[in-house]
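Descriptive structure summary
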Amino acid sequence: MPVIISSDKTQLTSFTGHHSCYPVYLTIGNIAKHVRLTPSMRAHRLLGYLPAGKLDDSLSKDDAKLLRASLFHACMRKICQPLFGPAKDGIGLADSHGWVRHCHPILAAYVADYPEQCLVTCVRYGQACPVCDSAKDDFDLDDTGDLRNAEDTLATIAAAEAARSRDSERKILDEAGLNLVRTPFWAGWEHTNIHISITSDVLHQLVQGVGKHVVEWLVELAPSKELNRRMQCLPLAGNLRHFKNGITGLANISGAEHKAIYAQIVGCVHGLVPDRAVRATTTLLDFLYMVQYESHSTDTLEDIRSVLSEFHDLKRVFIDTGIRSRTQCANWHSTDTDTLDNVADLKIPKFHSLQHYVTSIVNFGTTDNYNTESTERLHIDLAKNAFRASNKRGFTIQMCRWLERRERVYWFATHCAWRTGQVFDARLLKARIRDGPIRSRHEPLFLADRPHHLRVPLTQLVPNGAVQGFTDALRAFLRRWHNLPSWNGFETALPLLVENTLRRLPSVQTWTHATFRLPNTQTLAAKDTVSKVYASAQHDRYDTVLVQTRGEELVGDGGLDGEWTCVQPSHAVTVLM
Amino acid sequence: MNLVYHDDGPRVLDEHLDRTLDDALLQHVEPMHVTPDRPESPQPMRSYRTTIADEPEDDQGVVVDLYIGGGRFLRRRRDPAILADFAAFDTEWGPFASETDWQFAMWSTLETVSDNAISRLLKIEALNGQLAARSARDIKISIDQLPAPASFNHQEVFASGVAEPFDLYWRNPLEVIGDLLADPNFADNMAFAPERRYTDINRKSRLYNEMHTGDWWWEIQVRTHPVSLYCRSIQLV
C-alpha cells in the first residue's frame, strides 16, 4: 500500500507573517488520482502539525539549521513510527465492505518543494540533488548521476558520525553532499527508499521554476514595449487569462498566471528575440506540457526524452546572449538562493530536476499523482480555515479540535448517506446518488434555463455586426430539417407555412455564453472537461467552436481527423425559439 | 528495473484454486477497470481469462497484466466500519434529537459559522421549538458524542540546547490509513494490486497513468508477496 506524505510550511495570515504552521498530510496511492485531486473528496488527511515556532536568536545560523533539521526528523519519526512494524510484517486492514486485506504501508512518494526535499533526504540545499548523486557542477548536463540509495545515505551519515576529527567528518559529508542528521525519520522503514520517493514537482520545478526563469529571460531579451503591445493584442480565449497591461510589469506571478503566460508568450516573442531562444523556449514548453499528460505510453516518454535533449542542445543561447548573467545581477539581492553564487551558467537545481521526470512517471504513474499543487490547495481547508476558526492564541490545539469535530460530522454524514445507498457530497453538503465507476453522462451542451436576452428582433440581430449570415444559416438549417433536396446548386423553396412564419418572425432568444462538457479522453474515470464559450458584445468576445458533425467517434479522439465544422461564433449561442 | 516477470499466465492449476483466484481478482479489480482511450466500451471486461495462447490477434484495446498475489483479502469481517461505528446509537440520527437537528449541526460545523452567530440565531423567537439545541455549545456536545476518526495526540519535544519544549500534534498514520480505506466514498475508485498496462498485444508500448500502473508498486509487491505465479493477462476492448 503506497503511502504518500507531503509537508509544507505555510503562513496562516496573509499579510503579517506572525503565525505559521507546518502541516503534514497523508494520502494513499490506492485511491484513483482524480478522486485524490478533488479537495472536496477529502482523500488527503492531516497527519499532524509539526512545530513551526521561532528558534532562539542566540543560536548561530548553522546551528539553527541543524537544530531545525533534527527537530523535523525527530517529529516525523515520532509520527511515522507506527507504520514501521506493519511495513515489514504487514497488517490486516478492513476496506469499506469489511474485507480485511494484508497491507504493507510503505512510503511511496514524498511530495514537497525543493527545500523540503533536501530537508527530508538530508541533502545539502542548493549543492546536490535529492534523487541522484549529481553535484552542483553537473546540474546543467543532460545526464543523471547514479540514483541515491537510502542505505548508502545512512552509511555515509554513520561514517561521518564515527569520524575522528571535525575535518574528516566535513570531508565525508561534503563528498556526498549530505547534512548530518543523526537519525533521519525514514531510517528503519522497511522497503522505503526515500530518494526514489522524492518525486518530481510540476508546480515548483516547472511552472514556478524553470518556466519562470525562461520567461524572465525572454522578457529581458525582448523590447518590453513591443512585447506588451503584442500581449495586449491577443484575442480573448476560453479559460485563458488575458494580460491587458502586458506582462513585463507583473510582480508575484501566480502559478495560474504563469500557465497563461506560457500559452501566449511564444507567439509574442517571435522576431523580438534570437530564433534560437524561441526554439529553446518552445522545446521547454513542450516538455512542460508533455510531462503533465494524464496518461503516458512508452512512446510519449520517449518524446519527453528527446524534447529534453533538444532543449539541452539549444539552452546555450541564454548564456551566449548574456541574459542569464544580467538577470542574475538584477536578482542579486532577492531571496531566490539558487541564483546566488553561480555566474552565467545554468547550474540550477531546478534545471537538473527535469532529468528525473521520466523516472518518476515510470515508477509512480503520471505527474498529477504527486503534484504539489494539490497540497497547496489543502492548506486552505486544513490549515487556514482551521486557523480562522481559532482565537489565534495557542491555536494549534484549537485547530486540531476543529478538524476532529468536522471529521466526526463528515463521518456521520457519510454514514447517513451510505444507509440510503448514496454518497455524501461535501460540496453540496448533502447526499447524492452514487456515480459508479463510470462517470455519469451530462448533456454535452449546457445553456442557462433563462436566455440572456429574451426578445432580440431579427432586424437588430443582423446589423449589429456580431451575427453575420444568420438568416442564410437559418434557412439552410430549415431546409435540412425538412429534408428538402437540392440539385445543381438550385434549392427548393421552403414550405409556404415556414416561409410565412419566417417572414413574421418577430424576435429570437439569445444566449451570450454556453458551457460545453467534453469527456476527458486521457483517463476515463476522470470528470468531463468543462469549457465556456462566449459570444457577446458585452464580454467583447466571440469564441470559435469546432463541432464534429459526422461519425460516432469520441470528441477529441484522434485529433482533428474526420468531419469537423467550424461554427461561426454567433451561431453557437444564438438559438431560435 | 529488473522484475521477475512471467509472461504467460497459469496453465491449468487446481481448478478450485483457479476459481478462488478469479473471484479474488474480480473483487478488487473490477471498479478500476477503465481503459484510457476506449471509454465507450459498455462491457470493459470481455474475457479476463484469456492467456497468451488464445488472445485474439488484433491489436485493438489495452492489455493488462495483473499481479495475482496482490491485494487479496484475508477474511470477511462482520460489519464494515461505516456501520459498526454507529451501531451503539438507538436512533437513526445518533446523538441528535431529529433530522433537522442533525442537518443544522452539519451546516453550522461545515460552513464555518462563528459560535456566537449560531447562539444568536438559536435565540430568535420564531425558531423556538424547531430545534432541540439551545446554543452552539449544545451542538458541540452532540457532535462530540459521534464516533471519531483518528484522533490527535499532543507531545512535547525537547531539543538539546533549547529550554522550551516544542509542541507536536500528530495522529497515528495507521488509523488515518484505516479511515481512508474504510471510507465508502472511495470504494469505487480503489486499487489494491499493481498492474502493467500495454497499448498493444505484443507489450511493446507500456501505459502509465494511475499509481498502481507504475513500476514501483509492482516491484514492492514482488518483494513483499512473492508468489509462484506472477501475473495473468486480460484484454480490455
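Since we're looking at a predicted model, the values are computed, not measured.

This paragraph deals with the overall build of chain A. Check the secondary structure of chain A and you find 21 helices and 21 strands. The proportion of buried residues among the 577 residues of chain A is 51%. For chain A, restricting intrachain contacts to residue pairs at least 6 apart in sequence, the fraction spanning at least 24 positions comes to 63%. A total of about 27600 Å² of accessible surface is found on chain A, and carbon and sulfur atoms cover 52% of it.

Counting residues at the interface gives 91 residues for chain B, matched by 103 residues for chain A. Summed over the shared surface of chain B and chain A, the result is four salt bridges. Note that Arg405 of chain A is salt-bridged to Asp144 of chain B, the shortest N-O span being 3.3 Å. Put simply, chain B and chain A have 27 residue pairs in polar contact (both at pLDDT 80 or more) between them. If one sorts the elements of the side of chain B that touches chain A by residue count, helix 6 (residues 173–182) of chain B sits on top with eight residues. In terms of residue class, the side of chain B that touches chain A is made up of 52 nonpolar, 18 polar and 21 charged. Pairing of strand 4 (residues 45–50) of chain A with strand 5 (residues 166–170) of chain B involves two bridges; the strand directions are antiparallel. Counterpart to Gly48 of chain A in the pairing with strand 5 of chain B is Trp170 of chain B.

As enumerated under the stated definition, the model contains 18 salt bridges over all chains in all. With its nearest N and O atoms 3.2 Å apart, the salt bridge here joins Asp183 of chain B to Arg45 of chain A. With Asp183 of chain B in the loop between helix 6 and strand 6 (195–198) and Arg45 of chain A in strand 4, this residue pair bridges two chains. Owing to a relative accessible area of 2%, Asp183 of chain B belongs among the buried residues under this scheme. Notably, a salt bridge pairs Asp115 of chain B with Lys140 of chain B, separated by 2.5 Å at the nearest N-O pair. Residue Asp115 of chain B is found in helix 4 (residues 115–122), and its partner Lys140 of chain B is found in helix 5 (residues 136–144); the two are separated by 25 residues along the sequence. Among the residues examined, Asp115 of chain B registers a relative accessible area of 35% and is labelled partly exposed. A relative accessible area of 26% means that Lys140 of chain B is categorised as partly exposed.

Turning our eyes to something else, we now look at the nonpolar core. Grouped together as the largest cluster of nonpolar side chains are 129 residues, with contacts concentrated most on Ile5 and Phe185 of chain A. Apart from the residues lying within four places of it in its own chain, the contact partners of Phe185 of chain A are Phe72, His73, Met76, Arg77, Cys80, Phe84, Tyr110, Val120 and Ile194 of chain A. Of all hydrophobic cores here, the second largest spans 29 residues; its members include Ala413 of chain A together with Trp93, Phe104 and Leu131 of chain B.

Below, the discussion takes up the state of the cysteines. All names here are of chain A. Per the counting criterion, the structure on display carries zero disulfides over all chains. Sulfur of Cys103: no disulfide; nearest cysteine sulfur belongs to Cys80 and is 17 Å away. Here Cys103 falls in the buried class, since its relative accessible area comes to 5%. Sulfur of Cys129: no disulfide; nearest cysteine sulfur belongs to Cys132 and is 3.9 Å away. Here Cys129 falls in the buried class, since its relative accessible area comes to 4%.

What follows is about the confidence of the model for chain A. Looking at chain A, the pLDDT average stands at 79 and 83% of residues meet or exceed 70. Confidence drops under pLDDT 50 across residues 436–440 of chain A; counting only partners more than four residues distant or on other chains, this segment forms nine contacts.

All names here are of chain A. For helix 9 (residues 255–269), which comprises 15 residues, the first-to-last C-alpha distance of 21 Å matches the rise-based estimate of 21 Å (1.5 Å per residue) to within 8%. Of all the bends in helix 9, the greatest, near 35°, is centred on Ala263. Those residues of helix 9 that fall on the buried side of the exposure criterion are Gly255, Glu257, His258, Ala260, Ile261, Tyr262, Gln264, Ile265, Cys268 and Val269. In this structure, the buried residues of helix 9 make contact with helix 7 (202–221), helix 8 (224–233) and helix 10 (275–290). Trailing helix 9 by a residue or two, Gly271 shows a phi angle of about 90°, which is positive.

What follows covers the pairing of strand 6 of chain B. All names here are of chain B. Residues Glu195 and Arg197 line one face of strand 6 and the alternating positions Arg196 and Tyr198 line the opposite face, and both faces are buried. In this structure, strand 6 lies alongside strand 7 (residues 206–208), joined through two bridges in antiparallel fashion. Each bridged residue has a counterpart across the sheet, and for Tyr198 the counterpart in strand 7 is Arg206.

Residues and elements named next belong to chain A. With respect to the helices, strands and loops of the structure, Asn371 is situated in the loop between helix 15 (357–364) and helix 16 (372–389). A relative accessible area of 11% means that Asn371 is categorised as buried. Among the polar contacts listed, one links the side chain of Asn371 to the backbone nitrogen of Glu373, at a separation of 3.1 Å. Not counting residues up to four positions away in its chain, the partners in contact with Asn371 are Val111, Asp201, Val202 and Leu203.

Moving on, we get to unusual backbone geometry. All names here are of chain A. Unlike most non-glycine residues, Cys122 shows phi in positive territory, near 65°. Relative to the helices and strands, Cys122 is located in the loop between helix 3 (114–121) and helix 4 (150–162). Overall, Cys122 belongs to the buried group, its relative accessible area being 2%.

Moving on, we come to the packing of aromatic side chains. Per the stated rule, a full pass over the model turns up 20 aromatic pairs over all chains. Between Tyr110 of chain A and Phe185 of chain A the ring centres are 6.1 Å apart and the planes differ by 50°, which places this aromatic pair in the tilted class. Of the two residues, Tyr110 of chain A is situated in strand 7 (residues 106–111) and Phe185 of chain A in the loop between helix 5 (166–176) and helix 6 (194–197); the sequence distance between them amounts to 75 residues. In terms of burial, Tyr110 of chain A and Phe185 of chain A fall into one category: buried. A network of ring pairs unites the aromatic residues Trp411 and Phe412 of chain A together with Phe86, Phe89, Phe96 and Trp102 of chain B as a single cluster. Its end group placed over the ring of Tyr410 of chain A, Arg42 of chain A keeps NZ or CZ at 3.8 Å from the ring centre. Lying across the ring of Tyr198 of chain B, Arg203 of chain B places its NZ or CZ 5.7 Å from the centre.

It is worth spelling out helix 7 (residues 215–224) of chain B at this point. In terms of residue burial, helix 7 of chain B counts as a mostly covered element, since eight of its ten residues are buried. For helix 7 of chain B, the set of buried residues is Asp215, Trp216, Trp217, Trp218, Ile220, Gln221, Val222 and Thr224 of chain B.

The next point concerns the pairing of strand 6 (residues 99–103) of chain A. All names here are of chain A. Counting buried positions along strand 6 gives four out of five residues, so the element sits mostly inside the fold. Pairing between strand 5 (residues 91–94) and strand 6: four bridges, direction antiparallel. Directly across from Ile91, in strand 6, lies its bridge partner Cys103. Between strand 5 and strand 6, which follow one another and run antiparallel, lie four residues, and Gly98 among them has a positive phi close to 95°.

Moving on, we come to the environment of Phe243 of chain A. All names here are of chain A. Within the element layout of this structure, Phe243 appears in the loop between helix 8 and helix 9. Taking relative accessible area as the criterion, Phe243 reaches 2% and is therefore assigned buried. In the structure, Phe243 is positioned 173 residues away from Ser70 in sequence and 45 Å away in space, judged by C-alpha atoms.

On to the environment of Ala148 of chain B, then. Residue and element names in this part refer to chain B. Position of Ala148 among the secondary structure elements: in the loop between helix 5 and strand 4 (153–157). Classification of Ala148 as partly exposed rests on a relative accessible area of 34%. For Ala148 and Ala159, which are eleven residues apart along the polypeptide, the C-alpha to C-alpha distance reads 32 Å.

Moving on to the packing of helix 2 (residues 61–89) of chain A against helix 3 of chain A. Residues and elements named next belong to chain A. Across the interface, helix 2 lies against helix 3 with an axial gap of 9 Å and an inter-helix angle of 75°. It follows that helix 2 is roughly perpendicular to helix 3 by the angle criterion. Between helix 2 and helix 3, the residues in contact are Ala69, Phe72 and His73 and Glu116, Leu119 and Val120, respectively. When the residues that make up the contact of helix 2 with helix 3 are grouped by side-chain class, the tally is four nonpolar, one polar and one charged.

The rules behind the values
- Residues numbered from 1 in each chain as written.
- Chains lettered and ligands numbered in written order.
- Predicted model: local features only at pLDDT ≥ 70, side-chain atom pairs only at ≥ 80, totals over all residues.
- Heavy atoms only, no water.
- Helix = DSSP H or I, 4+ residues; strand = E, 2+ residues; numbered from the N terminus.
- Buried < 20%, exposed > 50% of the residue type's maximum accessible area, 1.4 Å probe, protein only.
- Contact = heavy atoms within 4.5 Å.
- Areas by Shrake-Rupley, 256 points an atom, 1.4 Å probe, with all protein chains shown as cover.
- Salt bridge = Lys/Arg side-chain N within 4 Å of Asp/Glu carboxyl O.
- Polar contact = N/O pair within 3.5 Å; in protein donor to acceptor, adjacent residues only side chain to side chain.
- Nonpolar A, V, L, I, M, F, W, Y, C, P; charged D, E, K, R; others polar.
- Pairing = 2+ DSSP bridges.
- Core = buried A, V, L, I, M, F, W, Y, C linked by side-chain atoms within 4.5 Å.
- Disulfide = S-S within 2.5 Å.
- pLDDT = per-residue confidence, 0-100.
- Expected span 1.5 Å × (residues − 1).
- Bend = angle between axes of the 7 residues up to and from the residue.
- Phe/Tyr/Trp six-rings, centres within 6.5 Å; stacked < 30°, edge-to-face > 60°.
- Lys NZ or Arg CZ within 6 Å of the ring centre and 35° of its normal.
- Axes fitted to C-alpha atoms, helices over the stretch in contact; angles between N-to-C directions.
- Parallel < 35°, antiparallel > 145°, perpendicular 65-115°, else oblique.

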